[in-house]
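Chain by chain, the residues run as shown.
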Amino acid sequence: TIYQCEVGQPESGAPKTVAQAAVTALTGDANQSRLGYTDAFGLIALREKIAAHYKEKYSLPADKEVGTDRIVVTTGSSGGFLLAFTACFDAGDVIAVASSGYPCYRNIGGALGLELANVPINEEFKLTAKELRKEIEERKASGKKRISGVILSSPSNPTGAMLSVQELKDMCELCEKEGVRFLSDEIYHGISYDKEAATALSFSSTAIVINSFSKYYSMSGWRLGWMVLPPDLVDPINTLQQNMFINAPTISQTAAIQCWEPETIAELETHVAKYRKSREFVLKQMGSISEIPSKNIAPADGGFYVYIDLGEELVCREKGLGSTEMCRMLLEEKGVAFTPGTDFEDPAGNLGDRRFRISYAGGTTVVADAMNHFKDFWPSWVKRVTDANM
């Protein structure tokens with residue numbers, strides 16, 4: 001048995017209402033089952049649901065309300081990243097990312113010829129306006145290229161840390177003041193624990209908001225997401241969408257219209273309750289390991305990850321004993337799969353082989369078994385490192 005705590009994929013499949021809508025569409029009359037191309041920006045019925053979602057969930061004021069003309073349904077959030085990067089930046093532009101962040105930001109940016117500014121996160125495992133401002137000022141002072149954009153997720157992958165409402169407001173204001181395009185990755189919205197999630201749309205008229213049906217809505221394989229665009233990017237992204245993707249999968253769009261029905265939300269909230277239970281168990285187990293101080297465990301405010309820093313005392317790089325080797329040994333000896341930090345950390349630094357991520361998206365039983373096996377494994381890891389450091 002492999003206890004899979006390495007991937008950010010919900011244990012559950014799509015909600016029942018969504019799955020049934022897909023069956024109905026596939027087996028209906030010829031007009032229903034044809035499932036041909038949609039408008040490049042997506043089905044208007046789905047975009048209307050998304051627009052209503054922002055009005056109801058975030059209580060946007062009248063001047064910030066989102067019209068369907070600014071919503072583009074994408075082929076997952078990944079399609080959104082590609083569209084946004086291509087529309088906003090040219091090869092050689094600099095985009096800022098958190099030093100601990102989602103690896104696809106770096107990989108997509110690199111593939112498009114963008115230069116990356118890996119901005120160190122703070123002690124709370126966050127990239128805030130304070131850290132970004134420091135990077136901007138240092139670049140001005142040293143004559144380096146200016147930052148053209150910044151992308152970050154809140155709640156964050158891998159850290160689970162969330163910007164507070166004020167921190168998000170400060171980030172939006174700094175970006176608008178400095179002419180930096182802010183790409184706000186909000187795909188873990190809906191999965192947070194006792195902290196309020198805000199959207200960049202509340203504070204910015206130039207930010208791009210990116211979201212997905214993969215996490216809260218539990219539709220990872222349906223490859224569906226969306227973006228809310230500022231007015232100046234509607235035409236460029238319409239053109240890019242038509243040429244790159246034509247439209248997001250029609251069957252997925254058709255089914256996703258059901259995502260905001262009361263029955264669907266009730267089912268999805270049972271998922272969040274399971275995530276909460278698993279999160280509490282992981283944090284309790286990690287908190288009982290005396291060798292790892294609490295400051296080395298990211299806050300896990302939202303999403304379904306706990307991110308841990310082993311520190312210098314619990315690795316021995318000279319002997320190849322870092323978090324990557326720990327995860328390999330744990331998998332081989334106990335059948336538990338965690339993700340080493342090398343996937344997420346600034347490749348120019350040395351923190352990747354000190355840190356690792358635990359995903360608790362895979363169900364309460366899997367998580368409990370995995371953590372119990374990890375606790376059994378842990379003393380042997382401490383001994384290996386202690387012996388290697390002697």
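Residues numbered from 1 in each chain as written. Predicted model: local features only at pLDDT ≥ 70, side-chain atom pairs only at ≥ 80, totals over all residues. Heavy atoms only, no water.

A. Representation of the sheet that holds strand β9 (residues 305-309) in the model. Strand order in the open sheet made by the three strands is β9-β12-β11, with antiparallel pairing throughout. In the strand order of this sheet, the two ends are held by β9 and β11 (339-340), each with one partner. (Pairing = 2+ DSSP bridges. Helix = DSSP H or I, 4+ residues; strand = E, 2+ residues; numbered from the N terminus.)

B. Spatial organisation of helix α6 (residues 129-142). With 14 residues, α6 ought to run about 20 Å at 1.5 Å a step, and its terminal C-alpha atoms sit 20 Å apart, in line with that. Those residues of α6 lying buried are A129, E131, L132, E135, I136 and R139. End-on, the buried residues of α6 take up no more than an arc of 170 degrees, which puts them together on one face. Of the exposed residues in α6, those oriented more than 90 degrees away from the buried face are K130, K134 and A141. Contacts from the buried residues of α6 go to β3 (94-98), β4 (115-119), β5 (147-153) and α7 (165-178). Downstream of α6 by one or two residues, G143 has phi in the positive range, about 75 degrees. (Expected span 1.5 Å × (residues − 1). Buried < 20%, exposed > 50% of the residue type's maximum accessible area, 1.4 Å probe, protein only. Arc of directions from axis to C-beta. Contact = heavy atoms within 4.5 Å.)

C. Main features of the sheet that holds β5. Taken together, seven strands build an open sheet; the order of strands is β2-β8-β7-β6-β5-β3-β4 and the sheet is mixed. The open sheet has two edge strands, β2 (71-74) and β4, and neither has a second partner. Averaged over all pairs of adjacent strands, the angle between their axes in this sheet comes to 20 degrees, without regard to strand direction. Across three bridges, the pairing between strand β6 (residues 181-185) and strand β7 (residues 208-212) is parallel. (Axes fitted to C-alpha atoms, helices over the stretch in contact; angles between N-to-C directions.)

D. Layout of empty space enclosed by the protein. Enumeration according to the criterion identifies three cavities of 30 Å³ or more in this entry. Looking at the lining of the largest cavity, the elements with two or more residues in it are β3 and β5. Ranked by the residues each element gives to the lining of the largest cavity, the list is headed by β5, at three residues. Of the residues belonging to the lining of the largest cavity, the class tally is 12 nonpolar, seven polar and one charged. (1 Å grid on protein atoms, 1.4 Å probe; cavity = no way out; pocket = protein on both sides within 12 Å on 5 of 7 lines; lining within 4 Å. Points joined across faces, edges and corners; volume = space filled by probe spheres on them. Nonpolar A, V, L, I, M, F, W, Y, C, P; charged D, E, K, R; others polar.)

In short, the description is geometric, and any link to function would need to be established separately.
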